[in-house]
Amino acid sequence: AAVMPNGVSVPSDFPRINITINNNPDPEYIFMDDKNAGVKGYDVIFDNNGSPIWYRRVTSGNEQRDLKVQHNGVLTVLDHTGGIHFNGFDTHYQPFTNFASVNGYTGDDHELQVLADGTYFLLAMHTETVDMTRFVANGNPAAAVTEEILQEFTREGDLIFQWRAWDHFDIHDQAQFMDLTSSGFDFPHMNAIDLDTDGHILISSRNTSEITKINRDTGEIIWRLGGGHNQFTYVNDPLNGTRNQHAVRCVGTNHYTIFDNGNLHSPSVSRGVEYVLDTNNMTATLVWHYPPTPTTSFYSFYMGNVQRLTNGNTLINWAVGNLPKLTEVRPDGTKAFEMNWVDHWETYRVWRCPWRGVALQPYLILEPYPDNLTLIFNQFGDTNVAYYRIYGGPSPQPTRLLATSGATLKSLSNLTNGFYYFRVTAVNKQGIEGPVSNEETATVNIIKPGQNMIQNGDFAQGPAAWLWTLNGGATAAWAIEGGVSHFYITNGTTTLANIQLKQTAKPIVQGKKYVFEFDAWSAQSRYLEAKVAQDVAPNLNYSGTPSIFVTPVHNHYRYVFTMNAATDLNASVFFNLGSSPYGVYVDNVSLFNPAPGDLNLDGRVDLLDLQLMTTDWLKAQSGLSTDLDGNAKVDFNDFGILGENWSTGQ
């Protein structure tokens, strides 16, 4: 978790962006989503410096996308909760309405257009069983065909216009892009709605590569651009029109921008285009396109959008992972702005929109860490906040004040371990406390310095907390005998990791020092591997411990390491015991973060500590400012005391 340059705090899984060009772009905010971002995705509004001015975390399975400001000033976003629909938010980020299909149709997640007067259009769909043998040879007699429907509503939500694909399109028209003999497909995959300057409707149908203009009063088709029923001659277009496009938008009388996905171009290429239509001579003249020369390096096989900005530039979202999510191009083809997600997430659509939102209460996210609980809270857009109050306790709606914060992030390290409820409020510069945030819960389990992070490290509770696995044909038995872990091995194979004992979920924090120690011995001399490491590929060995040679002599092993990799809250402790037929004993396992200045916490100084102390003392004598902690200079008296402690410990 961190505080961004604009003062907004973000959690550790927040999706960062990489801005590669920022040269006097359009000043409006950037609205986008990190589609397919894993367990938790985000809807975000960014400024041109890459700092969020608002965000919301989205839980897995509830895809929310197409975040934008509508023509009437309402902020909308797709929501899959309880059926596909769009939610509407006011300028305080408060939900106050939703937009959903009616007449028994299921919502479609491709488009919502709300006009300045509140009238709105959306797409719906309906799946039915169709005997496709009536249409094509070898058709499926029980194909699941999903039809798209266009619906128009009054601002009050009354349906006043409906236009069905089955009534106006021929299903054969999408045969080039879809397999009409398959068990299911959609028809014709409408993905965009807009209004022309004369008030009639424009729709984009991906499967037929067609832009259709529809009479808003009668439902009759006015003209068709592209696809099998194209009525226009393309002028100045080397690719002779778009293929499988998205995002048709009217940008002036007879001027239209389109994101040309170009699946069926040969080769497949994507581009942003603008056509001028002459409906008398029936020509479509390409007057703008980007990139200047179509290239296979810019190919977005699905999604994407184009937006003409108020400053005359054009925004292009290339949608797919490796391509930019926002390329802002000037009329002369030079770039004003370009960015992508650092992790190359996909994004359905990206917009620049005018927006001046101010939240009424903080938005709260919690992050438990090994040494603290971090609270991230923002009252987005409110410049009148003086400070925040943090409330927490074991019961819902807590009223106990735990802390205050002038920043939007606070780490609490003095909490008693247990289950908590948390809420946050903002106090303004006039001293007035505002409404409470959303309530969040967390189990606090702060690991104190010196506290053993290993559960049941002495095996007094038998195998509890440990995981034991055999792989690669290895055979062995595991027993706890008198509080000692004993591995009877009959076939160790040739790989150490084929016999493995581990304990998971160890939070290892970057920059902190750790002590990893255990007892081990064997029936006969052999090697084993003991390490603190990443539990997933590439399985980094954080402790840096090598394979160790064990003998029938009971020995204690102790390793001190600093976590140099990024913080891993789910590391594991591994004992890999394969590649030998000789049994192994393991006992007294511990892993802890020592308190500053104390590598032992047990009153002992062992040979490793003495080596470190000697090094520190020698550096001190040569005039270097260092000690056991790297803070204060060690003098000769310190070394004498350390030597006495070491002697006593031995």
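Residues numbered from 1 in each chain as written. Predicted model: local features only at pLDDT ≥ 70, side-chain atom pairs only at ≥ 80, totals over all residues. Heavy atoms only, no water.

Observations regarding the confidence of the model for the chain
Looking at the chain, the pLDDT average stands at 91 and 91% of residues meet or exceed 70. Between residues 601-650, whose pLDDT stays under 50, and residues either more than four places distant or in other chains, the model counts 59 contacts. (pLDDT = per-residue confidence, 0-100. Contact = heavy atoms within 4.5 Å.)

Some points on the packing of aromatic side chains
Under the definition given, this model contains 37 aromatic pairs. Judged by centre distance (5.3 Å) and plane angle (75°), the rings of W163 and F169 are edge-to-face. By relative accessible area, W163 is classed as buried at 1%. F169 gets classed as buried once you look at its relative accessible area, which sits at 9%. (Phe/Tyr/Trp six-rings, centres within 6.5 Å; stacked < 30°, edge-to-face > 60°. Buried < 20%, exposed > 50% of the residue type's maximum accessible area, 1.4 Å probe, protein only.)

Some details on the pairing of strand β22 (residues 255-260)
Among the six residues of β22, five are classified as buried, and the element is accordingly described as predominantly covered. Bridging between strand β21 (residues 246-252) and β22 involves four bridges; their strand directions are antiparallel. Bridged to G252 within β22 is H255. Count of turn residues in the β21/β22 antiparallel hairpin: two residues, of which N254 carries a positive phi of about 65°. Note that β22 and strand β23 (residues 271-278) share six bridges and pair antiparallel. Opposite F259, over in β23, you have G272 as the bridge partner. (Helix = DSSP H or I, 4+ residues; strand = E, 2+ residues; numbered from the N terminus. Pairing = 2+ DSSP bridges.)

Points about the pattern of salt bridges
Two side chains bearing opposite charge may form a pair once their charged atoms approach each other closely. Counted by the stated rule, this structure contains 24 salt bridges. K68 is the partner of E111 in a salt bridge, and the nearest nitrogen-oxygen pair spans 3.1 Å. Of the two residues, E111 is situated in strand β11 (residues 106-114) and K68 in strand β7 (residues 68-69); the sequence distance between them amounts to 43 residues. The two residues E111 and K68 agree in class, both being buried. (Salt bridge = Lys/Arg side-chain N within 4 Å of Asp/Glu carboxyl O.)

Remarks on the sheet that holds strand β10 (residues 95-99)
With antiparallel pairing, the four strands of this open sheet are ordered in space as β7-β8-β9-β10. Edge positions in the open sheet fall to β7 and β10, since each of these has one partner strand only. In terms of strand pairing, strand β9 (residues 85-89) meets β10 through four bridges, oriented antiparallel. Opposite N87, over in β10, you have N98 as the bridge partner.

Quick look at the sheet that holds strand β19 (residues 221-225)
Taken in spatial order, the four strands of this open sheet run β16-β17-β18-β19, and their pairing is antiparallel. Two strands lie at the open edges of the sheet, namely β16 (190-195) and β19, each paired on one side alone. Along the sheet, successive strands turn relative to each other by an average axial angle of 20°, direction set aside. (Axes fitted to C-alpha atoms, helices over the stretch in contact; angles between N-to-C directions.)

Some details on the environment of I447
With respect to the helices, strands and loops of the structure, I447 is situated in the loop between β36 (440-444) and β37 (467-470). The spacing of I447 and G227 is 220 residues in sequence and 64 Å in space, taken between C-alpha atoms. Ignoring any residue separated from it by four or fewer positions in sequence, one finds I447 in contact with P370, D371, M453 and P507.

Here's the deal with unusual backbone geometry
For residues that are not glycine, phi is negative in most cases, and the peptide bond is trans in most cases. Omega for the bond connecting F187 with P188 falls within 30 degrees of zero, at -5°, which places this linkage in the cis form. Within the secondary structure layout, P188 lies in the loop between β15 (184-187) and β16. For H189, which is not a glycine, the phi torsion comes out positive at approximately 60°. With respect to the helices and strands, H189 occurs in the loop between β15 and β16. On the basis of relative accessible area, H189 is assigned to the buried category, the value being 15%.

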